[in-house]
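Spelled out, the chains give:
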Amino acid sequence: TTTTTTIDNCSFNGTIQNETSTSTSTTTETTTTTTTTTTHELRPHLIRGHHYELIPREVYAALRCWYGEITPCICRRVVYDSSSLTSSSPPPPTDDHDDEHDDDDDEVFKKVEPHIVLYPNLNSSPSSQQQQQQRLSTTENGVCASCRRIGAKSRCSRCLTVQYCGRDCQASHWPYHRTICNSAKKKRTSSSKTETEMMMQEQLIISWKDVNWGRVGLNNLGNTCFMNSAIQCLSHAAPLTRHFLTNRFRNDLNSSNPLGTGGKLALAYDAVLKEVWLGGHKNACMSPTTLKRAVAVFAPRFAGVSQHDAMEFLAYLLDGLHEDLNRVKNAPYVEMPDATTGQRLSISGAEAWDAYRRRNDSLVMDTFYGQFKSTCVCPRCSKVSVSFETFNHVSLEIPQQQITTRTIPVLFFRSAPAGSANTRLVPLRYGVQVPKNGCVGDIKHALSGLCGIKPTQLALCDVYENSIYEILRDGKAVSTIRPDDFITAYEVDPYTNVSIHAIATHTRGDTKFNASNTNEEGGERNLFGYPFLTSFDARMTCTKVWNHIWRQVSRLVLWPAGVDGNSKPIIERLKSALTIRIVDNSGKPRPVFAKKQVESSAMLDAASILPCNSNAKIADVLGGDCTERFLFLSLEWSDIILDGLKLIDENRFLAFSDHASLLVTLDQCFETFTRPERLDENNMWYCSRCKEHVRAMKTMELWKLPNVLVVHLKRFAFKHALRREKLDAFVDFPLQELDMSRHCASSSSYTRGSISPTSNSASPGQSSMNDDNGENFVVDNVPAIYDLFAVTNHYGRMGFGHYTAYARKWNEDGMSDQWAAFDDSNVGGIKPSMVVTPAAYVLFYRRRIFD
């Protein structure tokens, strides 16, 4: 008789049921508490389905209760994990098929079955075939070859090199996997190959998956760079792309929607996506002709070879895909409600969103659509009207400076007196906004408000060719400062009879001078870095002056790790790289320390060097040359290497940071978007109380945020019919951790507020809110933290520019650190530091935790 073995499994849902699911793969190891009888042993070569079967604990308990149990149960442990074959028996052998049956999809799909150790005491080494299957089972760590979802539990039975979430993914991937599958099958079944050769062949078969997956260029079909850049960015939106790659979108196709294209746009987009994401091993680029024709049929404005706006095309594509994939076949008539008096805004927003969802339900809406809160206040009767609108992208206006003002970049050098903590601070560049008809004194006052230094302690200079060209007077007009002038500011002491102001430049320490104060090589000095202006007391000794200069420039030296102010031997070694020389305004040495007539270049060289260990007062040394209270210094730097580390790097002499006042940030753009504005005469609002159209004060706010946030920067300004400008302003946007909660109205007190029936107290652009007797309306808020995954760039001017795209991959595990640059058919890598540019036009952010 045949011994029947029952395998007790405590977690039915986590083990057996997940064989046909597409959720994340998990490992389940369970053991039974039933006593195992050692006198009963299993016969060898048992086959599942014929000799034994795996059943859940509840099923086994029910069978035992109904029919009883003659022999003690023999329990074995079940392990369900695609990478755990080393401790379990191999999966059932795969049937080999002939080449003429390669097109049969039913024969190439195989489940990764639960693994059971039937003979735990059998110490037999696995065969070569089992070792090969074990290696292949851990190749992709449960990543679907089609949609790249983590947790794939099925495998191609021919080649054993790819895994899938289900049959939909396998059917979608099969046209692109067919050739590789047949080749892998022949190599796997070859008996003349050694183990090493088979391993190398397996690596060649699977190497293309992650290298070119999604890195396929799109050919330019005639000024279609706007379409190519939009497609590349949109294709990196993982939820939508996965919906197409798994063929699940076909279940949502709505061919009867009069607002759509009958599914033709979705099918054309599907063809392009699969060529890009599944056919990367075949071609480095492809032509999106199918999508171009489909768009031209239903949107004739995009036909031909004219240049178009990438954001306009993206908006049409999102709307078209939403209508083609709309799950609502018979849309009911729904009246969009407005927030009523006394009703909580959170309830009003939810009702408006539910009303919209009754007519619109698609994956595009689930991923890209959010909700605006629009508030209109009547200027006559102060009536407040609140309504909610849906959106799939946010268009932000770039803040511009006023016509009567001008922003001047100023690089500020903060002084480092004795005992100060500013010795390691790099210069900070500010954006100082002053009137166009102002003067340098206005710049000082504006800069003082930004840096906190009194205007009397600021000296503004014009730097040219690594030296100070001019010290700007307070009365000099701002209009005389050219846009390409490099303006610096220094923290100095006020001009007094006992203060000396030193102007210092940086040069290499290998410059030699002769007795006639001329360069022996007859050339110019090798200046580098930014000059600086500092001040000190004329009664200070030479040693104190030397140490004062060192504190200003010590940050330019690369300090070894672990070195602080108490490491005197190393600090003395660092100081030896600097030689301070007193020169005239042309840079020639001045022998102020000479006790007799200078007769040689060596004497000139020594007589102009500021000693670091002299107690002589600097005023006594300079004598009559100190009357103008200005001193010119040349800081000569010598190369020094400590523990194999080069401590002098010219790039450190040019390092600085930008202050927020200089940049236009993405947060500032959102603040401008949510700022109240007065409607013009062409867009007046109808007041139901006044019974007429009025120029209301309107405020737009973000209420519900989407999972994928598309941000459009308005770079094209329409002045009039003959003048259209492009704004090349640099907008700083984060690559990681964009916090949108500060810009979302639903995260503030508006969530539990309501519209007051007495609207006379409402301020323009804001509704009066009641707190409902202090009762809190609990909302389960999802963190509004976003990460950037794609950027559309525009170069050139309006109508004659070029579009490119930057993008990176992402899935459930997080964001990839590798960015790719897409320029039509050209695809290459790019550093993350190069993603933020003034050419950024459309930004794509994904929410870390989906709502």
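In this report, the structure presented in the accompanying data block is examined. These numbers come from a predicted model, not from an experiment.

## Observations regarding the packing of helix α9 (residues 264-277) against helix α10 (residues 289-298)
In step 1: Taken N-terminus to C-terminus, the directions of α9 and α10 make an angle of 160°; their axes are 8 Å apart at the nearest point. Classified by the interaxial angle, the pair formed by α9 and α10 is roughly antiparallel. Between α9 and α10 the crossing geometry is left-handed. Facing K264, L265, A268, Y269 and V272 of α9, the residues of α10 in contact are T290, L291, A294, V295 and F298.
In step 2: Looking at the contact of α9 with α10 residue by residue, the class counts come to eight nonpolar, one polar and one charged.

## A closer look at the pattern of salt bridges
When charged atoms on two side chains of opposite charge get close, those side chains can pair.
In step 1: Taken as a whole, this structure holds 23 salt bridges when the rule is applied.
In step 2: Close ionic contact of K274 with D270 constitutes a salt bridge, the shortest N to O distance being 3.5 Å. Of the two residues, K274 and D270 both sit in helix α9, four residues apart, roughly one turn of that helix.
In step 3: Classification of K274 by relative accessible area gives buried; the value is 9%.
In step 4: Of the residues examined, D270 reaches a relative accessible area of 4% and is grouped as buried.
In step 5: Across the pair E312 and R301 runs a salt bridge, and its minimum N-O distance is 3.4 Å. With a gap of eleven residues between them, E312 in helix α11 (residues 310-324) and R301 in the loop between α10 and α11 connect regions that are remote in the sequence.
In step 6: Its relative accessible area of 44% is what places R301 among the partly exposed residues.

## Details of the sheet that holds strand β25 (residues 657-658)
Remark on secondary structure: sheet strands pair via backbone hydrogen bonds, oriented parallel or antiparallel.
In step 1: Pairing within the open sheet is mixed, and its six strands lie in the order β17-β16-β18-β14-β15-β25. Because the sheet does not close on itself, it has two edges, and the strands there are β17 (467-471) and β25.
In step 2: Sheet analysis places strand β14 (residues 405-413) next to strand β18 (residues 486-491), joined by four bridges and oriented parallel. Residue pairing in the sheet places F413 in a bridge with Y490 of β18.
In step 3: Docked against the sheet, helix α14 (residues 440-451) engages β14, β15 (428-435), β16 (458-464) and β18, running at close to 130° with respect to β15.

## Details of the nonpolar core
Nonpolar side chains in soluble globular proteins tend to be buried together.
In step 1: Ranked by size, the top nonpolar core spans 63 residues in total, and within it L234, F244, F313, L314, L321 and F368 carry the most contacts.
In step 2: Residue contributions to this core peak at nine residues, all from α11.
In step 3: For F244, the contacting residues outside a window of four places in its chain are F249, A266, Y269, D270, L273, K274, L321 and L325.
In step 4: Core analysis: the next-biggest nonpolar cluster, separate from the first, contains 47 residues, I503, V557, L574 and L635 among them.

## Some points on unusual backbone geometry
In step 1: Non-glycine residue N247 carries a positive phi angle of around 65°.
In step 2: You can see N247 is positioned in the loop between α8 (238-245) and α9.
In step 3: When its relative accessible area of 16% is taken as the criterion, N247 is described as buried.
In step 4: At E737, a residue that is not glycine, the phi angle is positive and equals roughly 55°.

Each value, and the rule that gives it
Each chain carries its own residue numbering, running from 1 in the written order of its sequence. Given that the model is predicted, a residue must reach a pLDDT of at least 70 before its local features are reported, and side-chain atom pairs must reach 80 or more before they are shown or counted; all residues, however, enter totals for whole chains, interfaces and linings. Side-chain numbers here rest on the full set of heavy atoms in the structure, without hydrogens or water. In this analysis an axis means a line fitted to C-alpha atoms, helices contributing only their contacting stretch, and an angle means the value between N-to-C directions, from 0 to 180 degrees. Elements are defined by DSSP. Helices are runs of H or I of four residues or more, strands are runs of E of two residues or more, and each kind is numbered from the N terminus. Orientation is classified from the angle alone, with under 35 degrees giving roughly parallel, over 145 giving roughly antiparallel, 65 to 115 giving roughly perpendicular, and any other angle giving oblique. The crossing is said to be left-handed when, going from far helix to near helix, the turn is anticlockwise and less than a right angle, and right-handed when the turn is clockwise. Throughout, a residue-residue contact means that at least one pair of heavy atoms, one from each residue, lies within 4.5 Å. Following the grouping adopted for this structure description, the nonpolar residues are Ala, Val, Leu, Ile, Met, Phe, Trp, Tyr, Cys and Pro, the charged ones are Asp, Glu, Lys and Arg, and the polar ones are all others, Gly among them. Any carboxyl oxygen of Asp or Glu that lies within 4 Å of a side-chain nitrogen of Lys or Arg is treated as forming a salt bridge with it. Burial here depends on accessible area, computed with a 1.4 Å probe over protein chains only, as a share of the maximum for the residue type. Under 20% is buried, over 50% is exposed, and the range in between is partly exposed. Paired strands are those between which DSSP finds at least two bridges. Within this scheme, the nonpolar core is defined by two criteria: the residues are buried Ala, Val, Leu, Ile, Met, Phe, Trp, Tyr or Cys, and they are joined through side-chain atoms within 4.5 Å.

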